[in-house]
Amino acid sequence: MNAFGNTFIYKFSEWVMRLSLLNLLWIFFTVIGAGFVGFFPATVAMFSMVRHWIKGNADEQIFKTFLDLFKRHLLKANILGYISAIGGVILYLDYMLVKNSSGPFQMVMLLLLIPVSFYYLMVTFFVFPVYVHYDIRLMECFKYAFIIGASYPVRTIYMAFVTFVVYYVTVSFSILFLFFSGSVLSLLIMRFTYVAFEKVEVKNNRMAEPA
């Protein structure tokens, strides 16, 4: 039991250190990129790092690997992120239009807006994990995110719930926000999506097998 306890404490401490350092790097590179330039490549670098850890590759030098990922994905990550952001802005404008309308038009638009918002949320959750997991063209990331997300819609609900919980807890305690807000959330989202990716790959392999 002592050996097990010591091993657990060591691994737990290692993960705490790893996630806290990753979160600080995410915030730091977002800030030095003035937010609008740094946020998305820093987020992609963070998702890439936690993907490596989920796959069992935890021996990289965190700062060096993060910096390399940030520079490598600087342009594409911003394109990917701002396309996603534009979609969110359009949805918000649609919501304001619906909010300021009345009668049957408002009801019809609301019924359309709810599923569209869900699919937008689904694609948003999946698009960055898809980008770091698959070697595909940039615009195909949205297609893959939609297809895989639509195949596993319950995972979108899980991720929305996890996002709310992590946001609520880290905002309530500023020290947690500083050290764990982005890193813990990206780890959980990547874990959910990674399982979906594995299931998709198993299905594709079965379909590729000769009859």
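Preceding this paragraph is the structure being described.
First, a word on what this report is: a plain description of the structure on this page.

Scoring rules and cut-offs
Residues numbered from 1 in each chain as written. Predicted model: local features only at pLDDT ≥ 70, side-chain atom pairs only at ≥ 80, totals over all residues. Heavy atoms only, no water. Helix = DSSP H or I, 4+ residues; strand = E, 2+ residues; numbered from the N terminus. Buried < 20%, exposed > 50% of the residue type's maximum accessible area, 1.4 Å probe, protein only. Contact = heavy atoms within 4.5 Å. Areas by Shrake-Rupley, 256 points an atom, 1.4 Å probe, with all protein chains shown as cover. 1 Å grid on protein atoms, 1.4 Å probe; cavity = no way out; pocket = protein on both sides within 12 Å on 5 of 7 lines; lining within 4 Å. Points joined across faces, edges and corners; volume = space filled by probe spheres on them. Nonpolar A, V, L, I, M, F, W, Y, C, P; charged D, E, K, R; others polar. Core = buried A, V, L, I, M, F, W, Y, C linked by side-chain atoms within 4.5 Å. Phe/Tyr/Trp six-rings, centres within 6.5 Å; stacked < 30°, edge-to-face > 60°. Lys NZ or Arg CZ within 6 Å of the ring centre and 35° of its normal. Salt bridge = Lys/Arg side-chain N within 4 Å of Asp/Glu carboxyl O. Expected span 1.5 Å × (residues − 1). Lys, Arg positive; Asp, Glu negative; His and termini not counted.

1. Some details on the overall build of the protein chain
Thinking step 1. A tally of helices and strands in the protein chain yields eight helices and zero strands.
Thinking step 2. The helix and strand sequence of the protein chain, counted from the amino end, reads α-α-α-α-α-α-α-α.
Thinking step 3. Expressed as lengths along the three principal axes of its C-alpha atoms, the size of the protein chain is roughly 65 × 55 × 40 Å.
Thinking step 4. Within the protein chain, the proportion of its 211 residues that are buried is 38%.
Thinking step 5. Pairs at least 24 apart in sequence give 74% of the contacts found in the protein chain among residues at least 6 apart.
Thinking step 6. For the protein chain, the computed accessible surface area is about 12700 Å², with 72% contributed by carbon and sulfur atoms.

2. Here we look at unusual backbone geometry
Thinking step 1. With phi around 60°, Ala34 is a residue other than glycine that occupies positive phi space.
Thinking step 2. Tracing the backbone through its elements, the reader meets Ala34 in the loop between helix H1 (2–32) and helix H2 (39–54).

3. A few points about the layout of surface pockets
Thinking step 1. Its volume calculated, the largest pocket comes out at about 560 Å³.
Thinking step 2. Every residue lining the largest pocket is counted, 24 residues in all, and those nearest its centre are Phe39, Thr43, Phe47, Leu185 and Ile189.
Thinking step 3. With six residues, helix H8 (residues 174–208) is the largest single contributor of residues to the lining of the largest pocket.
Thinking step 4. In the lining of the largest pocket, the residues fall into 15 nonpolar, nine polar and no charged.

4. Things to note about the nonpolar core
Thinking step 1. Residues Phe66, Leu80, Phe126, Val127, Val130, Ile148 and Met190 are the most contacted members of the largest nonpolar core, which totals 49 residues.
Thinking step 2. Mapped onto this core, the elements with two or more residues apiece are H1, H2, helix H3 (62–72), helix H4 (74–99), helix H5 (104–133), helix H6 (140–151), helix H7 (153–172) and H8.
Thinking step 3. The greatest single-element share of this core, amounting to ten residues, is contributed by H2.

5. Here we look at the packing of aromatic side chains
Thinking step 1. In this structure the tally under the stated criterion is 17 aromatic pairs.
Thinking step 2. Judged by centre distance (6.1 Å) and plane angle (55°), the rings of Trp26 and Phe39 are tilted. One end of the pair, Trp26, is in helix H1; the other, Phe39, is in helix H2, and 13 residues separate them in sequence.
Thinking step 3. According to the relative accessible area criterion, Trp26 is buried, its value standing at 14%.
Thinking step 4. The rings of Trp26, Phe39, Phe40, Phe47, Tyr82 and Phe128 are connected pair by pair, giving a single aromatic cluster.
Thinking step 5. The aromatic ring of Trp53 is capped on one face by Arg18, whose charged end is 5.3 Å from the ring centroid.

6. So, the pattern of salt bridges
Thinking step 1. Applying the stated criterion across every chain yields a total of three salt bridges.
Thinking step 2. Arg18 is the salt-bridge partner of Glu14, the closest N and O atoms lying 3.4 Å from each other. Taken together, the residues Glu14 and Arg18, both in helix H1 and four residues apart, mark about one turn of the helix.
Thinking step 3. When its relative accessible area of 25% is taken as the criterion, Glu14 is described as partly exposed.
Thinking step 4. The exposure class assigned to Arg18 is buried, which follows from its relative accessible area of 7%.
Thinking step 5. Residue Arg137 is joined to Glu140 by a salt bridge in which the shortest nitrogen-to-oxygen separation is 3.4 Å.
Thinking step 6. Classification of Glu140 as partly exposed rests on a relative accessible area of 21%.

7. Looking at the environment of Leu178
Thinking step 1. Along the polypeptide, Leu178 turns up in helix H8.
Thinking step 2. In this structure the C-alpha to C-alpha distance between Leu178 and Ile27, which are 151 residues apart in sequence, comes to 8.0 Å.
Thinking step 3. Residues within four places of Leu178 in sequence aside, it is in contact with Asn23, Leu24 and Ile27.

8. Quick word on H2
Thinking step 1. Taking 1.5 Å of rise per residue, 16 residues should cover 22 Å, and H2 covers 22 Å from first to last C-alpha, within 8% of that figure.
Thinking step 2. Looking one or two places after H2, you find Gly56, whose phi comes out positive at around 95°.

9. Some points on the side chain of Arg51
Thinking step 1. Within the element layout of this structure, Arg51 appears in helix H2.
Thinking step 2. Lacking a salt bridge, the buried Arg51 has Glu201 as its closest oppositely charged neighbour, with an N-O distance of 7.1 Å.
Thinking step 3. Those residues in contact with Arg51 that sit more than four places away from it in its chain are Val132, His133 and Met190.

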